[in-house]
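Results of the structural survey
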Amino acid sequence: MIPKISNLEEYKSVYNKSIKDPAGFWAEIADCFQWKKKGNQINSGNFNDVNHSWFEDSTLNITENCLDRHLDKRGEKTAIIWESNDPKEEGKHISYRELHAMVSQFANVLINKGVQKGDRVCIYMPMVPELAVAVLACARIGAIHSVVFGGFSARALADRIDDAECRVLLTADSTYRGKKEIRLKDISDDAMNLTDKIDNCITLKRTGNDINMKQGRDSWWHDEIDGVSTFNEALELNGEDPLFILYTSGSTGKPKGILHTTAGYMVYTAYSFKNVFQYEENDIYWCTADIGWITGHSYIVYGPLLCGATTLMFEGVPTFPDAGRFWDVVEKYKVNIFYTAPTAIRALQACDLGFVSSKDLSSLRVLGTVGEPINEEAWHWYNDHIGKKQCPIVDTWWQTETGGILISPLAGITPLKPSYATLPLPGVEPILVNNEGEIIEGNGVEGNLCIKNSWPSQTRTLYGDHERFIQTYFSTYPGYYFTGDGCKRDEDGYYRITGRVDDVINVSGHRIGTAEVENAIAEHEGVCETAVIGYPHDIKGQGIYAYVVCYEEVKNADELRKEILAKVIELIGPIAKPDKIQFVSGLPKTRSGKIMRRILRKLAEGEFDKLGDVSTLLDPSVVEKIKSGVI
Ligand code: 7RM
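Conventions and cut-offs
Residues numbered from 1 in each chain as written. Predicted model: local features only at pLDDT ≥ 70, side-chain atom pairs only at ≥ 80, totals over all residues. Heavy atoms only, no water. Helix = DSSP H or I, 4+ residues; strand = E, 2+ residues; numbered from the N terminus. Contact = heavy atoms within 4.5 Å. Buried < 20%, exposed > 50% of the residue type's maximum accessible area, 1.4 Å probe, protein only. Polar contact = N/O pair within 3.5 Å; in protein donor to acceptor, adjacent residues only side chain to side chain. Axes fitted to C-alpha atoms, helices over the stretch in contact; angles between N-to-C directions. Parallel < 35°, antiparallel > 145°, perpendicular 65-115°, else oblique. Nonpolar A, V, L, I, M, F, W, Y, C, P; charged D, E, K, R; others polar. Pairing = 2+ DSSP bridges. Disulfide = S-S within 2.5 Å. Salt bridge = Lys/Arg side-chain N within 4 Å of Asp/Glu carboxyl O.

1. So, the side chain of Arg217
Summarising the element assignment, Arg217 is placed in the loop between strand S11 (200–204) and strand S12 (218–220). Arg217 has contacts with Lys185, Asp189, Met192, Ile198, Asp199, Asn200 and Cys201, leaving out every residue within four places of it along the chain.

If you want it as structure tokens, here you go:
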């Protein structure tokens, strides 16, 4: 049994021990898992050589730990509860035994398709149980899954297929999110016209809506599994064998293929799940994220299943059929632990309180948030109206790169402060570094958030580009992992994440690189130059603001805006659509030609009197023009 910290004193002593002797600490946690072969090497490597590794001489299969290991004690226990987008469609309860059979069977399908250890499989599926099955089936045979979120376009999907050189694509005919149909197979078809990598595309029938099938390449999921054995011996994998790739946006260039490996990821996601949420055996746990993001990987699929939990998967959105949907689902399944994003809280906070007050939320014990800083108003609304002041709120800070939660209260144990992620988890050493790269000691300080030493679920590399990995995370402050976030440490030593300090925007908890959006807009033939920045947005946290310079005089601004939006939707997907597009005659630049984003941010916020020093600008008059709205 994975140990669970039960009070603040214990947290402090466990934390100190974990920092003094990480190998000893994690060795004990690792003992709680099922290994094929247990080695001696707990961790090795360092941040100067960027070669950190965990459990490199042990072997295992993570799905044996998620599934097989539970069959004796929890075979009939529900592993996955599934709730459809359509409240009238019956939900599903899938037991550990059933899930084990489904995963084993689909693993055999993949083997029949010629998928081998180390091969990459792209998954572009809706939030249905088969998505979890697909992920776990890959893990069972040592294939590396690369899940792409359904909000990405055909081009973005094709880029990811190309980058990881996937030969198999798993998708569904379509899905509904709210009233909107997302035609996943059509988008997949378009993607497969942009890349020739895919030999096999397997499509799950979800809605039954019309799709095209290409002979020799495309097949139906139900045909593929028909008659296939539900027995599959899990492959023996090395602790450091890759488990998955997940693409995420950075401040420059194309999205990065974050690579996670097997054993460290397993040990850390399970340990953090159990401790942060203070999970208890019969809890019903619901994380509202999509499996297309890291939160879904670590805290819908792996973390909960490793702990033998019942994890709820929801296909829909918080506001369909109305703003009470989340609370309907909580009431229906008597959810005990509820984990969502600040953007969802703010969106629901803006709706009639009747959507909440008419529901029975008494099953709730622990609330969580993730993805972006939570403002105090939203925190209090969540605490007062959802938790009825009885449920601790765990504000969990982490990243795609960290694999699991690094800074967070432990529910009911760590004293809370609204909008603070509070304290690091065992094994995690946060440091604040100033712009000169010096560690800022003491409390009541602010700086760039770095992590001093490796933890088990840390990204090992960017798929196919270790040099870029070193450049991105280990060169700004050599010897430390740089998170890209700014952070305060208050008088009590509590951490408060203040947001990105790089050119990444956080829109509704989704990471979007400004450079990516700029590249997409620049593809429009009329666009000469563009700068994209984030600005404060009441619901989304940040909105996307695009300043656009055109070659010719803008005659029909509305039409041009539509065309630019269409470009962004085509090249990235609807999630990267700018909220505002302002046509301008020029961008504020330094004499060396660098765009001054600081000024653009202030202009977007309407803080015209706080522009700071504009004297270094090549042409200060552009600022006046932007202010006046004149092109
Ligand atoms: C899990 C996830 C990572 C970025 C990260 C932060 C921001 C995430 C919090 C947060 C303040 C939080 N992965 N972020 N959690 N900011 N408080 N509790 O979101 O890779 O998609 O994004 O999200 O800026 O660097 S992610």
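The rest of the description comes next.
2. Some details on the environment of Thr530
By the element assignment, Thr530 lies in strand S29 (residues 527–537). Judged by its relative accessible area of 9%, Thr530 is buried. On a C-alpha basis, the gap between Thr530 and Glu518 in space is 6.0 Å, while along the polypeptide they are 12 residues apart. With sequence-adjacent residues up to four places away left out, Thr530 is seen in contact with Glu518, Ile521, Ala522, Tyr547, Val548, Leu587 and Ile595. For Thr530, the side chain forms a polar contact with the main-chain oxygen of Tyr547, separated by 2.9 Å.

3. Quick notes on the packing of helix H10 (residues 262–276) against helix H11 (residues 294–306)
Orientation of H10 relative to H11, taken along the N-to-C sense of each, is 90 degrees, at an axis distance of 8 Å. Comparing their axes, H11 and H10 come out roughly perpendicular. From H10, Tyr265, Met266, Thr269, Ala270, Ser272 and Phe273 reach across to H11, where they touch His297, Ser298, Tyr299, Tyr302, Gly303, Pro304 and Leu306. Considered class by class, the residues forming the contact of H10 with H11 number eight nonpolar, five polar and no charged.

4. Brief notes about the sheet that holds S12
Strands pair in a sheet through their backbones, by hydrogen bonds, and they do so in one of two ways: parallel or antiparallel. The sheet built from eight strands is open, its strands ordered S12-S11-S8-S6-S7-S14-S15-S24 with mixed pairing. For this open sheet the edge positions go to S12 and strand S24 (461–462), each flanked by a neighbour on one side alone.

5. Some remarks on the pairing of strand S28 (residues 510–513)
Burial along S28 is two-sided: the residues His510 and Ile512 and Arg511 and Gly513 are all buried. Judged from the four bridges that link them, strand S27 (residues 504–507) and S28 form a sheet pairing that is antiparallel. Bridge pairing links Ile505 to Ile512 in S28. Two successive antiparallel strands, S27 and S28, enclose a turn made up of two residues, where Ser508 displays a positive phi of approximately 50 degrees.

6. Side note on the state of the cysteines
Tallying each qualifying case throughout the model produces zero disulfides. The cysteine Cys550 is free of any disulfide, with Cys528 supplying the nearest cysteine sulfur at 8.3 Å. What makes Cys550 buried here is its relative accessible area of 16%.

7. Notes on the sheet that holds strand S23 (residues 445–451)
Read across the sheet, five strands follow the order S22-S21-S23-S25-S26 without closing on themselves; strand pairing throughout is antiparallel. The sheet is open, and its two edges are formed by strand S22 (439–440) and strand S26 (495–500), each paired on a single side.

8. Focus: the pattern of salt bridges
Under the criterion given, the structure shown has 43 salt bridges. Residue Asp186 is joined to Arg183 by a salt bridge in which the shortest nitrogen-to-oxygen separation is 2.6 Å. Given a relative accessible area of 26%, Arg183 falls into the partly exposed group. Between Arg460 and Glu240 there is a salt bridge whose closest N-O contact spans 2.9 Å. Taken together, the residues span a long stretch of sequence, with Arg460 in the loop between S23 and S24 and Glu240 in the loop between strand S13 (237–238) and strand S14 (242–248) at a distance of 220 residues. A single burial state applies to Arg460 and to Glu240, both of which are buried.

On their own, these measurements won't tell you what the molecule is for.
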